[in-house]
Amino acid sequence: MSADPGVIAPGSTIGIIGGGQLGRMTALAAARLGYRCHIFCPDEDAPAVQVAQATIAAFDDARALVEFAAAVDVVTFEFENIPAASLRILADHVAVRPDWPILETAQDRRAEKTFFQSIGSAVADWQPVDDADGLAHAVDRLGRPSVLKTARLGYDGKGQVKIAPGIDLAEAWAEIQGQECILESFIDFEREISVIVARGTDGATACFDVVENRHRNHILDVTMAPAQIDPRLAGQAAAIATRAAVALNLIGLLAVEMFVTADGRLLVNEMAPRPHNSGHWTMDACLTDQFEQLVRAICGLPLGSPERHSDAVMTNLIGPDVDLWLPILKEPESHLHLYGKSVARPGRKMGHVTRLTPRPRI
Ligand code: AMP
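Residues numbered from 1 in each chain as written. Predicted model: local features only at pLDDT ≥ 70, side-chain atom pairs only at ≥ 80, totals over all residues. Heavy atoms only, no water.

Chemist: What exactly am I supposed to notice about the site of the ligand here?
Modeler: As a matter of local geometry, the ligand sits amid 15 residues, with Lys149, Glu184, Ile187, Glu192 and Glu270 nearest to it. Between an oxygen atom of the ligand and a side-chain N or O atom of Arg109, the distance comes to 3.0 Å. Here Ser185 contributes a backbone N or O atom positioned 2.9 Å from a nitrogen atom of the ligand. Look at the ligand: alone it shows 470 Å² of surface, and the protein chains cover 93% of it. The set of elements that each furnish at least two residues to the shell around the ligand consists of strand 6 (146-150), strand 8 (181-185) and strand 14 (266-272). In the shell around the ligand, the residues fall into five nonpolar, five polar and five charged. In terms of domain composition, the shell around the ligand takes at least three residues from each of domain 2 (125-185) and domain 3 (189-358). (Near = heavy atom within 4 Å. Polar contact = N/O pair within 3.5 Å; in protein donor to acceptor, adjacent residues only side chain to side chain. Areas by Shrake-Rupley, 256 points an atom, 1.4 Å probe, with all protein chains shown as cover. Helix = DSSP H or I, 4+ residues; strand = E, 2+ residues; numbered from the N terminus. Nonpolar A, V, L, I, M, F, W, Y, C, P; charged D, E, K, R; others polar. Domains from an automatic or database assignment.)

Chemist: Sorry if this is basic, but what is going on with the sheet that holds strand 6 here?
Modeler: Each strand in a sheet pairs with its neighbour through backbone hydrogen bonds, running either in the same direction (parallel) or in the opposite one (antiparallel). If you trace the four strands from one edge of the open sheet to the other, you get 5-8-6-7, paired in antiparallel fashion. The open sheet has two free edges, formed respectively by strand 5 (126-129) and strand 7 (160-163), since each of these has just one partner strand. Between one strand axis and the next, the sheet turns by 20° as a mean value, whatever way the strands run. Pairing of strand 6 with strand 8, which is carried by five bridges, proceeds in the antiparallel orientation. Each bridged residue has a counterpart across the sheet, and for Ser146 the counterpart in strand 8 is Ser185. Running at roughly 150° to strand 5, helix 5 (residues 109-118) makes contact with strand 5, strand 6, strand 7 and strand 8 of the sheet. Running at roughly 170° to strand 7, helix 7 (residues 169-176) makes contact with strand 5, strand 6, strand 7 and strand 8 of the sheet. (Pairing = 2+ DSSP bridges. Axes fitted to C-alpha atoms, helices over the stretch in contact; angles between N-to-C directions. Contact = heavy atoms within 4.5 Å.)

Have a look at this one:
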């Protein structure tokens, strides 16, 4: 197939760092467009490894990374807790999209918040905290309740302690085990929303509709598409994500999570430069889904239309919820997605189901 020299054409091989369900769904979308995928991860039975070629190695195995780079035409990543240094090694040999400094910013809550503030997007009031004295000062400034979060390696509410009235600060600090932290004002939010924007090699951008997310035990439980919010607020959320993608010079996807406050303001919580759980609904309810959009963006293809043809409610199947697969298959309006994980540990994302309500065409 002939194409522009900057285009990584169908038939090429996409390298994906990480073997989880996001990599699996990216590989399946890539296969539809005629690409091969090569996964790099340490687990030989990971969800993505089941559907693609794989290199099984530690994320910091420099030799394996260099060999992997030689075997693929472009590299992307499907989760954040990989060393940015590994992406830097890859970037010496092959295009890495999104680029490693974006991952570095997303991995560190301090850098992430500073970045959003630098582009004029509001975040919850926050203070860096490096030790027990620093925590006491930060609590003096921000008050209670507030939230102590590790600056790095936190996800699904891990590495977080709520500083409620009466909580002993020494105990809270001990729980965090001396890691670099931030203290953040507790936001009495009206709802949590997120938006995913894609940006291509030509600078074109496309946003999926803004969605509302509900969490259970700090893990995403349900995503409702679209969010039931004022269209102006949805427009502001999309504009924040797009501004961030442009400022980062992103090629790929960027998911931005935000709080909507009771007085109708948006506060950015965090970002993820990869496909996002709150975008799984797009697989069944949009003209182009987030995984295909990622493939298009990183391969220099034209972005697809993110238009929503159906309203959708996506529910994660967490731990034993996966046992419901048979009744779900019997629901006519449901789309079931299972990730091929053999052990349904509590809190583990095993799959998801998207229930659709088609939108009337006018
Ligand atoms: P995070 O790891 O920062 O995404 O936090 C996980 C979840 O904890 C969020 O989705 C919120 O439900 C809750 N949370 C985090 N930060 C705050 C905050 N400053 N105020 C209130 N709730 C929060």
